[in-house]
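Survey of secondary and tertiary structure
Below, each chain spelled out in residue letters.
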Amino acid sequence: MINKMRAERREQVEKIERLKRRKNAIILAHNYQRPEVQDIAEFVGDSLELARKAVATTAEIIIFCGVDFMAETAAVLNPEKKVVLPDKGAVCPMAQQLPPAVLAAAKREHPDAAVVLYVNTLAESKALADCICTSANAQEIVRAVAKAKDASTILFGPDRNLAYHAQKATAAKIIPVPEYGLCPSHHQIVLQDLERAKAEHPRAKVVVHPECIPEVQDRTDFIASTSGMVKICRQQQAGEEVEGSAVAGDEFLIGTEVGLLHRLEKEAPGKRFYPLSATAVCPQMKMHTLEKIEAALESEEPVVVVERGVAEKARRAIERMLEILG
Ligand code: 13P
Ligand code: SF4
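An account of the accompanying structure is given in this report. (Residues numbered from 1 in each chain as written. Chains lettered and ligands numbered in written order. Predicted model: local features only at pLDDT ≥ 70, side-chain atom pairs only at ≥ 80, totals over all residues. Heavy atoms only, no water.)

Observations concerning the sheet that holds strand β5 (residues 114–118)
The parallel open sheet is built from four strands, whose spatial order is β6-β5-β7-β8. Strands with a single pairing partner mark the edges of an open sheet, and in this sheet they are β6 (131–133) and β8 (173–176). The sheet shows a mean angle of 30° between the axes of neighbouring strands, direction not considered. Judged from the three bridges that link them, β5 and β6 form a sheet pairing that is parallel. Across the sheet, residue Leu117 finds its bridge partner in β6, namely Ile132. (Pairing = 2+ DSSP bridges. Helix = DSSP H or I, 4+ residues; strand = E, 2+ residues; numbered from the N terminus. Axes fitted to C-alpha atoms, helices over the stretch in contact; angles between N-to-C directions.)

In structure tokens:
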């Protein structure tokens, strides 16, 4: 029975590989994707890396295994390429929390404020921003935008927890828009989880994503994007210094969506990783399956389309981020 299932899986993977070659397509996958999806992707990474890969590739079709705002970002940056989201139900609930009308109202209320939006937003909202940021660079971007625009106030949305992290890097006042934007998956991780995990694994270093609540951010050893978290754990494996401090220990408490564990275990073998909360699961990220990827490659659908006027304005805000990062 198991052998039959393995043979079927092998056949399916081979079919996907053949389709990719025939159609000049690549698969880009986010760090939270199912293990079998990560394993067939040309590249697995965080939001910023995926946006950069989408620009760099010469493939004509990008099968994007992530959520809607990531695929939209790839489409906005690559109007000439076909971006396909295998399951169009993969919609990030956080991005939905900041409709353009809410942002427009906040801008009217604070006409002198600069506007920095997390990439986890709708394209229509991005079109109203001065600059986009990702979890990998929120602090660098708010610092740069405050300086460039000589702004004493920054509207920042939709994640109030990333806003808390960004606030530490600038003297400008960061106003979260909306007031209570958050990621439902990261909100599964509460302080008691951290305290329990630390008691169980006292030698372990804590590495969390900035979408975690402030109480967790304040008690961690490292805060980084999903790929940044992998890098920190790998560097530790190589015995290198991480951000100036030598880290002892080979165990990590991981504060993010559990999908990251697959990459961590693959890329840092021999290390031990414990999720702070096993319930920190993003159902939308798990929607893409090998079956749906195969169907998407066959049909080249569903294609991600961003209306041209919106795309042009959103592109400016995303490119501003890329310019600042250099
Ligand atoms: P990263 O860019 O760090 O991968 O974060 C994306 C995300 O949606 C985290 O929930
Ligand atoms: Fe959105 Fe949270 Fe899922 Fe990331 S983990 S895609 S922020 S719902």
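Some points on the packing of aromatic side chains
When we look at a pair of aromatic rings, we describe it by the centre distance and by the angle of the planes. Going through the model one piece at a time under the given rule, you end up with one aromatic pair. Residue placement shows Lys53 over the ring face of Phe43; its charged tip is 4.9 Å from the ring centre. (Phe/Tyr/Trp six-rings, centres within 6.5 Å; stacked < 30°, edge-to-face > 60°. Lys NZ or Arg CZ within 6 Å of the ring centre and 35° of its normal.)

Some words on the site of ligand 2
Near ligand 2, the surroundings consist of Tyr32, Val67, Cys92, Pro93, Met94, Asn120, Cys183, Glu211, Cys282 and Met285. Residue classes in the shell around ligand 2 are distributed as eight nonpolar, one polar and one charged. (Near = heavy atom within 4 Å. Nonpolar A, V, L, I, M, F, W, Y, C, P; charged D, E, K, R; others polar.)

Considerations on the pairing of strand β3 (residues 61–65)
β3 sits mainly inside the fold: five of its five residues count as buried. Alternating positions in β3 separate into two faces, Ile61, Ile63 and Cys65 on one and Ile62 and Phe64 on the other, with burial throughout. One ladder, built from five bridges, connects strand β1 (residues 25–30) with β3; its direction is parallel. What sits directly across from Ala29, in β3, is Cys65. Note that β3 and strand β4 (residues 82–84) share three bridges and pair parallel. Across the sheet, Ile62 pairs through a bridge with Val83, a residue of β4. Considered for its hand, the β-α-β crossover made up of β3, helix α4 (residues 68–77) and β4 is right-handed. (Buried < 20%, exposed > 50% of the residue type's maximum accessible area, 1.4 Å probe, protein only. Right-handed = clockwise from strand over helix to strand, strands pointing away.)

What about the pairing of strand β9 (residues 205–208)?
Here β9 pairs with strand β13 (residues 251–255) via four bridges, running parallel. In the strand pairing of β13, Val207 is matched with Ile254. Summarising the sheet, β9 and strand β10 (residues 222–223) pair through two bridges and their orientation is parallel. Its bridge partner lying in β10, Val207 is registered against Phe222.

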